[in-house]
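Breakdown of the fold
The lines below spell out each chain.
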Amino acid sequence: MTISRFRIIHFINPSGRKVFRVTGSTRDGNQVRQNFNTEAEATVRQHELEREYYGLPTAEGRLISTRLSNEQAAEAEVAFHELGGKSLMGAVRYYLDNYREPSVRIALVDAFQEFIAAKTASNSRPDTIRSFDYKVGKFLSRHPEKCVDEITASHIAAEIHRTNLSPVSRSNVRRALHAFFGWCANRRPQVYCLYNPVKAIDPVKVDRDEPRILPLADVKRLMAVAQEYKQGVCVPHIVLGLFCAIRPTELARLSWDDMDLEAETVTIGSRLAKMRQRRIVEIPKNAVAFLAPHMAVQTPMKGKNWRRDFDKVKGLAGYGGRSRGGTVLKEWPPDVMRHTGISYHLAAHQHEGKTAAWAGNSPDVIQRHYKGLVKARESTEFWSILPAASKEIIQFRAA
């Protein structure tokens, strides 16, 4: 048969019950409208009417040896039809090899609590846990009554592609949801969903902007006001961020015990490092000059009211992204101190591998993102910035 004379439509009876209706016209022009409770029954009837229309033998009167019930036989016929000539046994074997029946149906919020407990037990850092709490927690708040296996790709897409999210934020949300639902789909001995619905959503393409760094004049201004404000309470944090390019998350965990100013090194141990890989960071001589007085009195890296103090120092240096006394302050870009330090280090050494090892990054990232942002003359001035009380100009050694 090349043309289907009868079709199956979804139909709602006046009573409100949904049925499957077979509709079409016989060869003598009679209209057919027959309702069935299941699509399998409707499909069997559709095939019978097609055979009758074209004068083909029907199944009536034929004796078929089978242990199947009428309903099972009808379902088997539909299965053959849906497979389009492919092997029914092949489909069954694939199903048996790949299908996993959820043994437990669980609410999203309960599964998420187990997920966080598992992450905590596997020694995930508090920052990681907080990130999951925020990103996945937002999603859960929009589906408070749903179970894990009720979440579809459309729910995930709606969450990831919210209009108020930047591409970077969308990518981060997708990554967090992928981790959570991947855990739900792969946990043992019982899974909470058959598949990870996030896999159906393509990763978000993110255009990485050129790193934004502080101009040399602004670096000098920042260091000057940092020294003057509250006996330099923010100086250690700023110096280690600017002149050692230590990540903000690593700075938050750092203590004076991790520094050896005599050896001019700071150890970023595995408990501190982003990738949990220990590295030794050379402290340039001008940074040692800034840090030495504060090491003597053990100035806290992030003491009480640190955020307020740091915002105050940035504001005095002309940064903050909002008006201050009628003056519009510049935006303080994310990770700007680290980006600044890396850029000036590369300009001083002209060696991607050395800068990558110093900053805890890869040479490829250094080459692609930081090359050419700073001129050699500016680099010399950067590594010569000293505390106000010091008169000696110290170059960043090239060892």
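Summary of the structure given here.

1. Focus on the pairing of strand 5 (residues 265–268)
Burial along strand 5 is one-sided: Val266 and Ile268 are buried, and none of Thr265 and Thr267, which face the opposite way, are. Bridge count for strand 4 (residues 259–260) against strand 5 is two bridges, and the pairing is antiparallel. Of the residues in strand 5, the one forming a bridge with methionine 259 is valine 266. The hairpin turn running from strand 4 into strand 5, its antiparallel successor, is four residues long, and glutamate 264 in that turn takes a positive phi close to 60 degrees. Across four bridges, strand 5 lies against strand 6 (residues 279–282) in antiparallel orientation. Residue pairing across strands places isoleucine 268 opposite arginine 279, the latter belonging to strand 6.

2. Some remarks on the state of the cysteines
All chains considered together, the criterion is met by zero disulfides. This cysteine, cysteine 184, is not joined by any disulfide, and cysteine 193 carries the nearest cysteine sulfur, 5.2 Å off.

3. Here's the deal with the sheet that holds strand 4
Taken in spatial order, the three strands make up an open sheet running 4-5-6, and their pairing is antiparallel. Taken across any chain shown, the strands that pair with only one partner, and hence form the sheet edges, are strand 4 and strand 6.

4. Considering the environment of threonine 128
Positionally, threonine 128 belongs in helix 5 (residues 126–142). Put simply, threonine 128 and alanine 176 are 48 residues apart on the chain and 9.9 Å apart in space, counted from C-alpha to C-alpha.

5. Re the environment of phenylalanine 6
Position of phenylalanine 6 among the secondary structure elements: in strand 1 (residues 6–12). If near-sequence neighbours (up to four positions away) are discounted, phenylalanine 6 is found in contact with Val22, Thr23, Gly24, Ser25, Thr26, Val32, Gln46, Leu49, Glu50 and Tyr53.

6. So, the sheet that holds strand 2 (residues 18–25)
Taken together, the three strands give an open sheet; going across it, the order is 1-2-3, and neighbouring strands pair in antiparallel fashion. Only two strands of the sheet have a single neighbouring strand rather than two, namely strand 1 and strand 3 (31–36). Strand-to-strand twist in this sheet, taken as the mean axis angle between neighbours without regard to direction, amounts to 25 degrees. One ladder, built from six bridges, connects strand 2 with strand 3; its direction is antiparallel.

7. Some words on the pairing of strand 2
The element strand 2 is largely enclosed, with a buried count of six among its eight residues. Examined bridge by bridge, strand 1 and strand 2 share seven bridges and lie antiparallel to one another. Residue pairing across strands places isoleucine 9 opposite arginine 21, the latter belonging to strand 2. Counted along the chain from strand 2 to the antiparallel partner strand 3, the turn is five residues long, and its residue glycine 29 has a positive phi close to 95 degrees.

8. Topic: helix 14 (residues 352–359)
Listing the buried residues of helix 14 in full gives Thr355, Ala356, Trp358 and Ala359. An end-on view of helix 14 places all buried positions within 165 degrees of arc, on one side of the element. Tucked into the core, helix 14 has its buried residues touching helix 9 (235–243), strand 6, helix 13 (336–349) and helix 15 (363–370). Once helix 14 ends, the next one or two residues include glycine 360, with phi positive near 70 degrees.

9. Quick look at the pattern of salt bridges
The tally for this structure, following the rule as stated, stands at 17 salt bridges. Of the charged contacts, one joins aspartate 218 and lysine 330 as a salt bridge, the two residues approaching to 2.7 Å between their closest N and O atoms. Highlighted residues: aspartate 218 in helix 8 (residues 216–228) and lysine 330 in the loop between strand 8 (327–328) and helix 13, separated in sequence by 112 residues. With a shortest N-O distance of 3.3 Å, glutamate 381 and arginine 377 are connected by a salt bridge. In this pair, glutamate 381 and arginine 377 both sit in helix 16 (residues 376–382), four residues apart, roughly one turn of the helix. We classify arginine 377 as exposed; its relative accessible area is 54%. Via salt bridges that share partners, Arg45, Glu48 and Glu52 belong to a single interconnected network.

10. A few points about unusual backbone geometry
Residue arginine 188 is joined to proline 189 through a cis peptide bond whose omega torsion reads 5 degrees. Mapping proline 189 onto the fold places it in the loop between helix 7 (167–186) and helix 8. Although it is not a glycine, glutamine 298 adopts a positive phi angle of roughly 55 degrees. Residue placement: glutamine 298 occurs in the loop between helix 11 (285–297) and helix 12 (306–316). With a relative accessible area of 43%, glutamine 298 lands in the partly exposed category. Backbone geometry places glutamine 350, a non-glycine residue, at a positive phi of 50 degrees.

11. Concerning the nonpolar core
Grouped together as the largest cluster of nonpolar side chains are 54 residues, with contacts concentrated most on Ile238, Leu240, Leu242, Phe243, Met259 and Ile283. Every element with two or more residues in this core is listed here: helix 8, helix 9, strand 5, helix 11, helix 12, helix 13, helix 14 and helix 15. Grouped together as the second largest cluster of nonpolar side chains are 29 residues, Ile106, Ile129, Phe132 and Leu177 included.

12. Structural notes on the packing of helix 5 against helix 7
Contact pair helix 5 / helix 7: the axes reach a minimum separation of 9 Å and the direction vectors enclose 80 degrees. As summarised for this structure, helix 5 and helix 7 are arranged roughly perpendicular, according to the angle between their axes. Residues Phe132, Lys135, Val136 and Phe139 of helix 5 form the contact with helix 7, whose participating residues are Asn172, Val173, Ala176, Leu177, Ala179, Phe180 and Phe181. Of the residues that constitute the contact of helix 5 with helix 7, the class distribution is nine nonpolar, one polar and one charged.

Criteria and thresholds
Residues numbered from 1 in each chain as written. Predicted model: local features only at pLDDT ≥ 70, side-chain atom pairs only at ≥ 80, totals over all residues. Heavy atoms only, no water. Buried < 20%, exposed > 50% of the residue type's maximum accessible area, 1.4 Å probe, protein only. Helix = DSSP H or I, 4+ residues; strand = E, 2+ residues; numbered from the N terminus. Pairing = 2+ DSSP bridges. Disulfide = S-S within 2.5 Å. Contact = heavy atoms within 4.5 Å. Axes fitted to C-alpha atoms, helices over the stretch in contact; angles between N-to-C directions. Arc of directions from axis to C-beta. Salt bridge = Lys/Arg side-chain N within 4 Å of Asp/Glu carboxyl O. Core = buried A, V, L, I, M, F, W, Y, C linked by side-chain atoms within 4.5 Å. Parallel < 35°, antiparallel > 145°, perpendicular 65-115°, else oblique. Nonpolar A, V, L, I, M, F, W, Y, C, P; charged D, E, K, R; others polar.

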